[in-house]
Amino acid sequence: MNFKKYFILALLYVVPAFTVLAQNPIIRDQFSADPTARVMNGKVYVFPSHDIPAPPNKNLRENWFCMPDYHVFSSEDLGEWTDHGVIVSQNKVAWVDSTSYSMWAPDCIERNGKYYFYFPANKNVAGPNGRKGFGIGVAVADKPEGPYVPEENAIEGVFGIDPNVLIDKDGQAYLYYSMGNIYVAKLKENMTELATKPVAIANLPEKGMKEGPFVFERNGKYYLTFPHVENDTERLEYAMGDSPEGPFTMTGVIMDESETGCWTNHHSLIEYNDQWYLFYHHNDYSPQFDKNRSVCIDSLFFNADGTIQKVIPTKRGVGVTPASGKIQLDRYSAISENGATIAFNDTTNTFAGWKTTLANKGAWISYNTVNFEKKNSGKVVVNAGALNGGKVELRIDAVDGPVLAEIDVPESKEMTVSKTKINKVEPGIHNIFVVAANDNPVEIDWISFE
Ligand code: FUB
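Labelled according to an unreviewed UniProt entry, the protein appears under the name Alpha-N-arabinofuranosidase, originating from Draconibacterium sediminis. What UniProt states about the protein under its Sequence similarities (unreviewed entry) heading is, verbatim, "Belongs to the glycosyl hydrolase 43 family."

Asks: Describe the overall build of the protein, listing the residues and the values that go with them.
Replies: Assigned secondary structure in the protein consists of one helix and 30 strands. The globule rule puts the C-alpha radius of gyration for 450 residues at 22 Å, and the 24 Å found for the protein is close to it. Overall, the C-alpha framework of the protein stretches about 70 × 60 × 40 Å when taken along its three principal axes. In the protein, which comprises 450 residues, the proportion classed as buried is 55%. Residue pairs at least 24 apart in sequence account for 59% of intrachain contacts in the protein once pairs closer than 6 positions are excluded. Per element, the accessible surface of the protein, about 20200 Å² overall, is 49% carbon and sulfur.

Asks: Tell me what's going on with the pairing of strand β15 (residues 235–241), and back it up with residues and numbers.
Replies: Across the seven residues that make up β15, a large majority, seven, are buried. Sheet analysis places strand β14 (residues 221–228) next to β15, joined by seven bridges and oriented antiparallel. Within β15, the position partnered with Thr225 by the bridge is Tyr238. Between β14 and β15, which pair antiparallel and follow one another directly, the connecting turn spans six residues. Pairing analysis gives six bridges linking β15 to strand β16 (residues 248–255), with the strands arranged antiparallel. Across the sheet, residue Ala239 finds its bridge partner in β16, namely Met250. The hairpin formed by β15 and β16 contains six residues between the paired strands, and Gly246 there has a positive phi angle of roughly 90°.

Asks: Which residues make up the environment of Arg61, and what values go with them?
Replies: Inspection of the secondary structure puts Arg61 in the loop between β2 (43–49) and β3 (69–75). By relative accessible area, Arg61 is classed as exposed at 57%. Taking the C-alpha atoms as reference points, Arg61 and Ser100, 39 residues apart in sequence, are found 9.5 Å from one another.

Asks: How would you summarise the pattern of salt bridges if you had to cite specific residues and measurements?
Replies: Within this structure, the stated rule accounts for 16 salt bridges. The residue Arg331 makes a salt bridge to Asp330 at a minimum N-O spacing of 2.9 Å. Take Arg331 and Asp330: they sit in the same class, and that class is buried.

Asks: Tell me about the environment of Thr356, and name the residues and values.
Replies: In this fold, Thr356 is placed in strand β23 (residues 354–358). The spacing of Thr356 and Tyr332 is 24 residues in sequence and 9.3 Å in space, taken between C-alpha atoms.

Asks: I'd love a proper account of the site of the ligand, names of residues and values included.
Replies: Lining the immediate surroundings of the ligand are Asp34, Phe65, Met67, Trp104, Ala105, Asp162, Glu211, Thr264, His266, His281 and Arg293. Asp162 places a polar side-chain atom, nitrogen or oxygen, 2.4 Å from an oxygen atom of the ligand. Measuring from an oxygen atom of the ligand, one finds a side-chain N or O atom of Arg293 at 2.7 Å. Calculation on the ligand without its partners gives an accessible area of 270 Å², and the protein chains cover 100% of this total. Considered class by class, the residues forming the shell around the ligand number four nonpolar, three polar and four charged.

Asks: How would you sum up the confidence of the model for the protein? Please name residues and give values.
Replies: Low-pLDDT portions of the prediction should not be read for the details of their coordinates. Residues with a pLDDT of 70 or more make up 94% of the protein, whose mean pLDDT is 93. Low pLDDT, under 50, characterises residues 1–20; the predicted model gives this stretch 21 contacts beyond four residues in sequence or across chains.

Here is what the cut-offs are and how they apply
- Residues numbered from 1 in each chain as written.
- Predicted model: local features only at pLDDT ≥ 70, side-chain atom pairs only at ≥ 80, totals over all residues.
- Heavy atoms only, no water.
- UniProt positions renumbered as here; feature names shortened; annotations may be inferred.
- Helix = DSSP H or I, 4+ residues; strand = E, 2+ residues; numbered from the N terminus.
- Rg over C-alpha atoms; globule rule 2.2 N^0.38 Å.
- Buried < 20%, exposed > 50% of the residue type's maximum accessible area, 1.4 Å probe, protein only.
- Contact = heavy atoms within 4.5 Å.
- Areas by Shrake-Rupley, 256 points an atom, 1.4 Å probe, with all protein chains shown as cover.
- Pairing = 2+ DSSP bridges.
- Salt bridge = Lys/Arg side-chain N within 4 Å of Asp/Glu carboxyl O.
- Near = heavy atom within 4 Å.
- Polar contact = N/O pair within 3.5 Å; in protein donor to acceptor, adjacent residues only side chain to side chain.
- Nonpolar A, V, L, I, M, F, W, Y, C, P; charged D, E, K, R; others polar.
- pLDDT = per-residue confidence, 0-100.

This is how it looks when you write it as structure tokens:
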């Protein structure tokens, strides 16, 4: 059997377990930020924070974060995410200032069948040092989706944000958090009290904001990953060490600064079904205001020496998309340099998603890893519009690959759904290319295969 055949068969074998439709952002009906992803009970849970546009008349700092509560989301395939609703809210935690909308980046970890959710927020009373500031609290549940019961008080001795917890191989739990520096302290077995005094981790960059630590262990190495402002905005960096408390050595950059200027980034890494993923955020649904962010996922790879390859953010996200699903071309894998652009469907409601415009002959867009389950010579369904009527070619596997269909887009101001017969497609994974066949601009929302 030649390699190509073997590869296609191998993909076919793997696909049923990974029927994934994960495009970025992954949460499409609300803002979500600071994602901590955890593998729990064979699924992936994401514990993000929740940005909202600031409600009026609340005396809130202008153009700042406004974060009232936390939801938890879960998925088996990283494509379909279930929102389990609000798990902790500023109105229901005794120590939190319920007018502060300051429920920043959280974490959650399982120990002995209990789920410990760590979250920062502004305190409603000053501590022994006279400071109100940020505390970090814990809420405990029997299941990842809750219900969570918040502890009466924030963790004593902690003044900071962005908690992260690592349970080491010997069972010792460590709390990391940031406040200028990144700090580490041992937690007691009960997970709600410090066992040691927090210590600032040494050898990290001194200039530029550091926050959002996320620590994990892989092959005996400890990775301290965190957003850091090396230049003007945050990028994701990491340091490596041989123990949870360091010493750590600065090693590299996981993700560069956002090209479109989202000031923050905040992340987590997991290994799930033998693949590593980076969860991070970007202000896709709110390009004008970068404090309304959205969670994204991309695949992450290690080098043989344990260092991390830089992740280039994509719109396509991860995994396999079923051909019968709605393929949002605007979440593309590649796009031609000329004539292809992406815009919101409705600028007054960005959650309505995006559309692709192909403005001239030869402009193209591609979307990879589409799974055709069985030999298919059915129809392609296209939601598209063209003021003067348009024509696109649907090609597979390359921009000049075999033509699956020539699609006439009816003359229409609005998007309309039309169906066109396609040539035979071999079952398996294919990359889809849509190429403008003439100079009449065409707008496409999605395509799907019957
Ligand atoms: O989401 C509020 C703050 O912005 C987080 O706590 C930081 O890590 C940054 O993402």
